[in-house]
Amino acid sequence: MITKYIKRMILLLTASCMMWSCNSFLDTTPEDLRSPEQIFSTYTSTQNAMFGVYSYIRKYNPMAMPSTVSTSDVDVVYTNVTTFDMGTWTASAAPYDKWNTFYQAIREANYFLQNLDKCPESELASDMREQWRAEVRTLRAYYYAQLMRMYGPVILLGDELPDFTAVDMQRPRNSWDECVQWVTSEFSAMANNSYLPVVQEGNNYARMSQAIALAYRARILLQSASDQFNGNPMYTGIKNSDGKALFPATKDPNKWKLAREAAEDVIKLGYYNLVKVNGTNGTIDPYASYKAVFTTAQNKEMIFSYLEDDGYVDKRLAPNSNGGWGGGYNPTQEMVDLYAMNNGRYPIKGYLDADRNSPDIDAQAGYSETGFTNFTHPIEKVQRSTFNMFVNREPRFYVSVLYGGISWFVANKSSEKIYLEMFKNGNNGPDASHNYFSTGYNMAKLAMPEYEANPTKNIKREVPYMRYAEILLNYVEASIEMGDLSNTNLFTYWNMVRERAGLPNIEQAYPEAAGNKQKLIELLRRERRIEFAFEGMSFYDTRRWLIAEQTERGAIHGMNVKATGTRGSNSYPADFFKRTVLEKRIFTPSYYLYPIPQSDLNKNFALVQNYKW
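All of these numbers come straight from a predicted model, not from anything done at the bench. (Residues numbered from 1 in each chain as written. Predicted model: local features only at pLDDT ≥ 70, side-chain atom pairs only at ≥ 80, totals over all residues. Heavy atoms only, no water.)

Undergrad: Can you walk me through the nonpolar core in this structure?
TA: Generally speaking, nonpolar side chains in soluble globular proteins are found buried as a group. If you look at the biggest cluster of nonpolar residues, it comprises 178 residues, and the most contacted ones within it are Phe-112, Tyr-143, Ile-471 and Trp-494. Ignoring any residue separated from it by four or fewer positions in sequence, one finds Tyr-143 in contact with Val-53, Tyr-54, Tyr-56, Ile-57, Phe-102, Ala-105 and Ile-106. In this structure, Ala-318, Met-448, Tyr-451 and Ile-459 belong to the second largest nonpolar core, which totals five residues. (Core = buried A, V, L, I, M, F, W, Y, C linked by side-chain atoms within 4.5 Å. Buried < 20%, exposed > 50% of the residue type's maximum accessible area, 1.4 Å probe, protein only. Contact = heavy atoms within 4.5 Å.)

What follows is the structure, given as structure tokens:
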């Protein structure tokens, strides 16, 4: 069994001279290690065993996971997300299932921890040994946290090394609170482990640290305080065969206090900052600042990230007519509707019908969905006749979303800054290729300017797993939920995010929200969805808030890409610019959690399935 699992140690991403050194931990090669004595015989082989535990983080690009591609933020014209979005999946065939993958990672972590001391002292100094032990314990807690985010309560194995195929895996799930207690205790212990660096930089960038342990502790405590896991009546009937309830039956307000304290612990480190770029006048340039979060290597906002060097994301953003596979991340109209105006107010308050066909427009926002204005895009720097829906929106909108009527402005290569025609017979319309912008929008936020599509020139880049803005908004959310509405830091931290985004303070934009808990919660949720758009956050946020049946179900809209225009005219047909139903998606209450795989239920009779699966 040892051989079977250790052979899973895979080659991690090749290091980049721009982002990480060619001698970093990502450059290891897999070895066919056959016994504990061989695996832990030398410094290098022991290090490779540790990197085998890390490899499960690097195995799946987060931009290929359902948290990114199967949300109301985007539509994807290819891949199996249709199966997910249309509800044609079961516990026997769940796309993106990671139950066994993460348990294999946990097993490898336990194997490493049990055998680490077999490495001779002459090969591995005690300080480095203890650092590696702490890194792997943090990794193990991280894998549990990922399982819990997807499946809810899980089976806690502690330091055991079970045989997944044997009878000792006839085990029930632990309760949610037990899982939270164990995982957060592990994170806390590692955050106070003197052998584990506070942060890891340079060659060791993206390895576990005290700061990462604190940040993931903060995330899981926020999750635990939220409606989905804090007295959710949907889950009260989910019990083990002995009657043990897996989810808390009553709401515990103190969990919000714990979540806020955990966020504050990260803030108090004093290491992280929001990325800010000053313009020529010495003030913050919100466009350059927000873009720099995703294009600046090892910046101090990025707490943990996926290191990519194969052009996966950029290939799926670059237009098909440039040699890319454009259509990988098409923002929906629902996502476009979320962005604020430049006065800080949100133009669409909600919808007048369940299928979101008729927006409820805020009269104070200065927004219109009719007519055109000569408008200069703040990044493209070209004045064009622009549909009024896209005029005077907030800076994060222009950084993040490419709309009809402008060029692919991201690219540095001048030949790839093409005018993008997303209408029916345009150069990147539905008739041009199966790779097309199905919603009439393209996502620009995560595109790297240095990437070249034709001929392909891949670049090294980071995709965020977690960044400091999340910690700040976690603090804000917990404070609002606690009812601590006069907390100075609540508005200080919230407005730090808005200032970087070029927006007025939330109190200035919404004076009517002062002292109104429900209104502040609504505004905070909107802020999170915009700030973390296309980063996989709203998938879990809408679930923990129990609002996904409103946001993820029903008609998903875009522009009218079937409108016929004139190719090469640098213009769009007027009937392109209207809300158009793209598809109707399915979301049932069962989808708030992933199902435990049926194959595991068939082997482990003590396992209880999740709600409605």
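Back to the write-up after that little detour.
Undergrad: Would you mind showing me how to read empty space enclosed by the protein here?
TA: Picture a little ball the size of a water molecule; that probe, rolled over the atoms, points out where space is still empty. Considering all chains together, one arrives at nine cavities of 30 Å³ or more under this definition. Put simply, the largest cavity is a space of about 410 Å³. In this structure, the largest cavity is lined by 24 residues; those nearest its centre are Pro-62, Met-65, Ser-67, Gln-146 and Tyr-465. When contributions to the lining of the largest cavity are tallied by element, the ones reaching two or more residues are helix H3 (43-58), helix H4 (66-69), helix H7 (126-151), helix H9 (210-225), strand E12 (461-467) and helix H19 (537-544). Of all the elements, H7 adds the most residues to the lining of the largest cavity, at four residues. Looking at the second largest cavity, its volume works out to about 120 Å³. As for the second largest cavity, its lining consists of 13 residues, and the residues nearest its centre are Arg-149, Gln-223, Tyr-540, Asp-541 and Arg-544. It is H19 that provides the largest number of residues to the lining of the second largest cavity, a total of five residues. When the residues that make up the lining of the second largest cavity are grouped by side-chain class, the tally is four nonpolar, two polar and seven charged. (1 Å grid on protein atoms, 1.4 Å probe; cavity = no way out; pocket = protein on both sides within 12 Å on 5 of 7 lines; lining within 4 Å. Points joined across faces, edges and corners; volume = space filled by probe spheres on them. Helix = DSSP H or I, 4+ residues; strand = E, 2+ residues; numbered from the N terminus. Nonpolar A, V, L, I, M, F, W, Y, C, P; charged D, E, K, R; others polar.)

Undergrad: Explain the layout of surface pockets to me, please; I cannot follow it from the model alone.
TA: Within this model, the largest pocket holds a volume of roughly 780 Å³. Considering the residues around the largest pocket, the lining is formed by 31 residues, among which Leu-338, Lys-349, Gly-350, Arg-526 and Thr-551 are closest to the centre. Elements with a contribution of two residues or more to the lining of the largest pocket: helix H13 (333-338), strand E4 (348-351), helix H18 (517-531) and helix H20 (548-551). The dominant element in the lining of the largest pocket, judged by the number of residues it contributes, is H18, at seven residues. In terms of residue class, the lining of the largest pocket is built from nine nonpolar, six polar and 16 charged.

Undergrad: For this particular structure, what's the right way to read the packing of aromatic side chains?
TA: Aromatic rings in a pair are described by how distant their centres are and how their planes are angled relative to each other. For the structure shown, the criterion picks out 49 aromatic pairs. With a centroid separation of 5.5 Å and 90° between ring planes, the pair formed by Tyr-290 and Phe-294 is classed as edge-to-face. Taken together, the positions of Tyr-290 and Phe-294, both in helix H11 (residues 286-295) and four residues apart, correspond to about one turn of that helix. As far as the burial class goes, Tyr-290 and Phe-294 line up, both buried. Arranged with centres 5.6 Å apart and planes meeting at 25°, the rings of Tyr-591 and Trp-613 form a pair that is stacked. (Phe/Tyr/Trp six-rings, centres within 6.5 Å; stacked < 30°, edge-to-face > 60°.)

Undergrad: Help me understand the side chain of Lys-315, please; the structure alone is not making it clear to me.
TA: With respect to the helices and strands, Lys-315 occurs in helix H12 (residues 312-315). Salt bridges are absent for the buried Lys-315, whose nearest opposite-charge side chain, Glu-416, sits at 9.0 Å. Within the structure, the side chain of Lys-315 is placed 3.2 Å from the backbone oxygen of Gly-323, a separation counted as a polar contact. Of note is the side chain of Lys-315, whose polar atom sits 3.4 Å from the side chain of Thr-456. Leave out the neighbours within four places in its chain, and Lys-315 touches Gly-323, Gly-324, Trp-325, Gly-326, Tyr-451, Ala-453 and Thr-456. (Lys, Arg positive; Asp, Glu negative; His and termini not counted. Salt bridge = Lys/Arg side-chain N within 4 Å of Asp/Glu carboxyl O. Polar contact = N/O pair within 3.5 Å; in protein donor to acceptor, adjacent residues only side chain to side chain.)

Undergrad: Can you help me understand the pattern of salt bridges in this one?
TA: Two side chains bearing opposite charge may form a pair once their charged atoms approach each other closely. Taken as a whole and judged by the stated rule, the model has 48 salt bridges. Ionic pairing is found between Lys-251 and Asp-227, a salt bridge with its closest N-O pair at 3.2 Å. Of the two residues, Lys-251 sits in the loop between H9 and helix H10 (254-268) while Asp-227 sits in the loop between H9 and H10, which places them 24 residues apart along the sequence. On the basis of relative accessible area, Asp-227 is assigned to the partly exposed category, the value being 31%. Residue Arg-396 is joined to Glu-394 by a salt bridge in which the shortest nitrogen-to-oxygen separation is 2.6 Å. Each of the salt bridges in this network shares a partner with another, and the network as a whole consists of Glu-301, Glu-394, Arg-396, Lys-445, Arg-467, Arg-498, Arg-500, Glu-527, Glu-531 and Glu-535.

Undergrad: In this structure, what is going on with helix H16 (residues 488-500)? I would like to understand it.
TA: Residues lying three or four places apart along an α-helix face the same way, a consequence of the helix completing one turn every 3.6 residues. The end-to-end C-alpha separation of H16 is 19 Å, in line with the 18 Å expected for 13 residues at 1.5 Å each. A distance of 2.7 Å separates the backbone nitrogen of Asn-489 from a side-chain oxygen at the start of H16, and that oxygen is part of Asn-487. Downstream of H16 by one or two residues, Gly-502 has phi in the positive range, about 75°. (Expected span 1.5 Å × (residues − 1).)

Undergrad: Help me understand the side chain of Glu-334 in this model?
TA: One can find Glu-334 in helix H13. When residues no more than four places from it in sequence are discounted, the contact partners of Glu-334 are Ser-72, Tyr-351, Arg-356, Ala-555, Ile-556 and His-557.

Undergrad: Is there a simple way to think about the pairing of strand E7 (residues 383-387) in this case?
TA: Along any regular strand the residues' side chains alternate between the sheet's two faces. The sheet contact formed by strand E6 (residues 372-376) and E7 spans five bridges and is antiparallel. Each residue of the ladder has a partner; that of Thr-376, found in E7, is Gln-383. Connecting E6 to the next strand, E7, in antiparallel fashion are six residues, including Lys-381 with a positive phi near 65°. (Pairing = 2+ DSSP bridges.)

Undergrad: Which parts of the structure should I look at to understand the environment of Glu-452?
TA: Looking at where Glu-452 falls in the secondary structure, it is placed in strand E10 (residues 452-453). As for Glu-452 and Asn-322, which are separated by 130 residues in sequence, their C-alpha atoms are 8.9 Å apart. With near-sequence residues (within four places) excluded, Glu-452 lies in contact with Lys-413, Glu-416 and Lys-457.

Undergrad: Can you walk me through the environment of Ala-318 in this structure?
TA: Along the chain, the position of Ala-318 falls in the loop between H12 and strand E3 (330-331). Residue Ala-318 is classed as buried on the basis of its relative accessible area of 4%. Considered as a pair, Ala-318 and Leu-157 are 161 residues apart in the sequence and their alpha carbons are 44 Å apart. Sequence-distant contacts of Ala-318, defined by excluding residues within four places in its chain, comprise Gly-324, Trp-325, Gly-326, Trp-408, Tyr-451 and Ala-453.

Undergrad: Can you walk me through the packing of helix H6 (residues 99-115) against H7 in this structure?
TA: The relative placement of two packed helices comes down to the angle between their axes together with the axis-to-axis distance. Taken N-terminus to C-terminus, the directions of H6 and H7 make an angle of 160°; their axes are 9 Å apart at the nearest point. Taken together, H6 and H7 sit at an angle that is classed as roughly antiparallel. Between H6 and H7 lies a crossing of left-handed hand. In this structure, H6 uses Trp-99, Phe-102, Tyr-103, Ala-105, Ile-106, Ala-109, Asn-110, Phe-112 and Leu-113 to contact H7, whose residues at the interface are Trp-132, Arg-133, Val-136, Arg-137, Arg-140, Tyr-143, Tyr-144, Gln-146, Leu-147, Met-150 and Tyr-151. Considered class by class, the residues forming the contact of H6 with H7 number 15 nonpolar, two polar and three charged. (Axes fitted to C-alpha atoms, helices over the stretch in contact; angles between N-to-C directions. Parallel < 35°, antiparallel > 145°, perpendicular 65-115°, else oblique. Left-handed = near helix turned anticlockwise from the far one by under 90°.)

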